[in-house]
Amino acid sequence: QGYFQNLLKQGCDSCPRGQVGSGVAVEFRVTKEQACVNCVAGKYNPNTGAIDISHCLPCNIGRYNENEGSSGAEDCKPCLPGKYSGTPQSPSESNCIECGVGFFSTDVAASSIQNCRSCPQGWYQGEDGMTACMMCVPGQVTSASESKECTKCAKGKVTKIAGLSVCMKCGQGKYASSEGQPVCFECMPGKYSMDVTSGDNLNTECIPCPQGQSVST
């Protein structure tokens, strides 16, 4: 097994790399086509004269090979960053699975879902198979990891800096009248807002001073 008749040399030639002995009876090993068969997709054989399919070696997990008759491990292509595969001897790129939303991976030939890392608080990823997370812009936050989108700060709260996980209240004399504001606005002359450091109240607008009174500075 693993050889076929060479009439020109009056001898036998070995099955080439990427192929193995077909298992046919000796009297049928007259041509390479009869005596040798390709290793299937997902496997390879680096040696000549291999006797049977047990000598076809599987591509490692995290890699795939869509071609028959491959002769080396270099023919096993890696799953690209953002994907992983736990399937040994994979015959198709379709076995490379994309990391889900809220996750990312920079690893080449990743072999497990554990290679998909979660986006931290203040960051997000809304698409599958990505290699990085995106930072929430000022005025938006994510309060949990693995987020697929950012949430706008409520009225009366802001974030001045990108990538934060908590919106901050507008302090006394300031307000935020819209969701997703990056900064608090100062109250106009003749108006004021309260100290809301404690409690659930928020400065969403400024209140006019009562007639005959003004804001003390």
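Residues numbered from 1 in each chain as written. Predicted model: local features only at pLDDT ≥ 70, side-chain atom pairs only at ≥ 80, totals over all residues. Heavy atoms only, no water.

Student: Could you clarify how one ought to interpret the overall build of the chain in this entry?
Tutor: The number of helices and strands found in the chain is one helix and 22 strands. In the chain, which comprises 217 residues, the proportion classed as buried is 32%. Sequence separation of 24 or more characterises 47% of the internal contacts of the chain that already satisfy a separation of 6 or more. (Helix = DSSP H or I, 4+ residues; strand = E, 2+ residues; numbered from the N terminus. Buried < 20%, exposed > 50% of the residue type's maximum accessible area, 1.4 Å probe, protein only. Contact = heavy atoms within 4.5 Å.)

Student: What exactly am I supposed to notice about the pattern of salt bridges here?
Tutor: Pairing of side chains with opposite charge becomes possible as their charged atoms draw close. Per the counting criterion, the structure on display carries two salt bridges. Measuring nitrogen to oxygen at the nearest pair gives 3.5 Å for the salt bridge that ties Arg-117 to Asp-107. Here the residue Arg-117 occupies a position in strand E12 (residues 117–118), and Asp-107 occupies one in the loop between strand E11 (103–104) and E12, the gap between them amounting to 10 residues. Where Glu-186 meets Lys-174, a salt bridge forms, and the shortest distance between an N and an O atom there is 3.9 Å. Of the two residues, Glu-186 sits in strand E20 (residues 185–186) while Lys-174 sits in strand E19 (residues 174–175), which places them 12 residues apart along the sequence. Residue Glu-186 is classed as exposed on the basis of its relative accessible area, which comes to 53%. (Salt bridge = Lys/Arg side-chain N within 4 Å of Asp/Glu carboxyl O.)

Student: Just to check I follow, could you spell out the state of the cysteines for this structure?
Tutor: Enumeration according to the criterion identifies 10 disulfides in this entry. What pairs with Cys-79 in a disulfide is Cys-96, and their sulfur atoms sit 2.0 Å apart. Note on the Cys-79 and Cys-96 pair: the S-S dihedral is about -80 degrees, so by sign convention the disulfide is left-handed. Remark: Cys-96 occurs in the loop between strand E9 (83–84) and strand E10 (97–98) and Cys-79 occurs in the loop between strand E8 (77–78) and E9; sequence separation between them is 17 residues. (Disulfide = S-S within 2.5 Å.)

Student: Help me out: how do you make sense of the side chain of Gln-19 in this one?
Tutor: Assignment of secondary structure puts Gln-19 in strand E3 (residues 19–21). Side-chain polar atoms of Gln-19 contact the side chain of Asn-38, separated by 2.9 Å. Leaving out residues up to four positions away in the same chain, Gln-19 has contacts with Lys-32, Cys-36, Val-37, Asn-38, Cys-39, Asn-45, Asn-47 and Ala-50. (Polar contact = N/O pair within 3.5 Å; in protein donor to acceptor, adjacent residues only side chain to side chain.)

Student: How should the environment of Val-166 be read in this particular structure?
Tutor: Within the secondary structure layout, Val-166 lies in the loop between strand E17 (157–158) and strand E18 (168–169). With 44 residues separating them in the primary sequence, Val-166 and Gly-122 have C-alpha atoms 8.3 Å apart. In this view, Val-166 contacts Val-141 and Thr-159; residues no more than four positions away in its chain are not counted.

Student: How do you make sense of the environment of Gly-139 when you look at a structure like this?
Tutor: Considering the arrangement of structural elements, one finds Gly-139 in the loop between strand E14 (134–135) and strand E15 (140–141). By relative accessible area, which is 0% here, Gly-139 ends up buried. Remark: the alpha-carbon pair of Gly-139 and Thr-159, spanning 20 residues in sequence, is separated by 4.8 Å. Not counting residues up to four positions away in its chain, the partners in contact with Gly-139 are Thr-151, Lys-152, Cys-153, Thr-159, Gly-180, Gln-181 and Pro-182.

Don't take any of this as a statement about function, it's just geometry.
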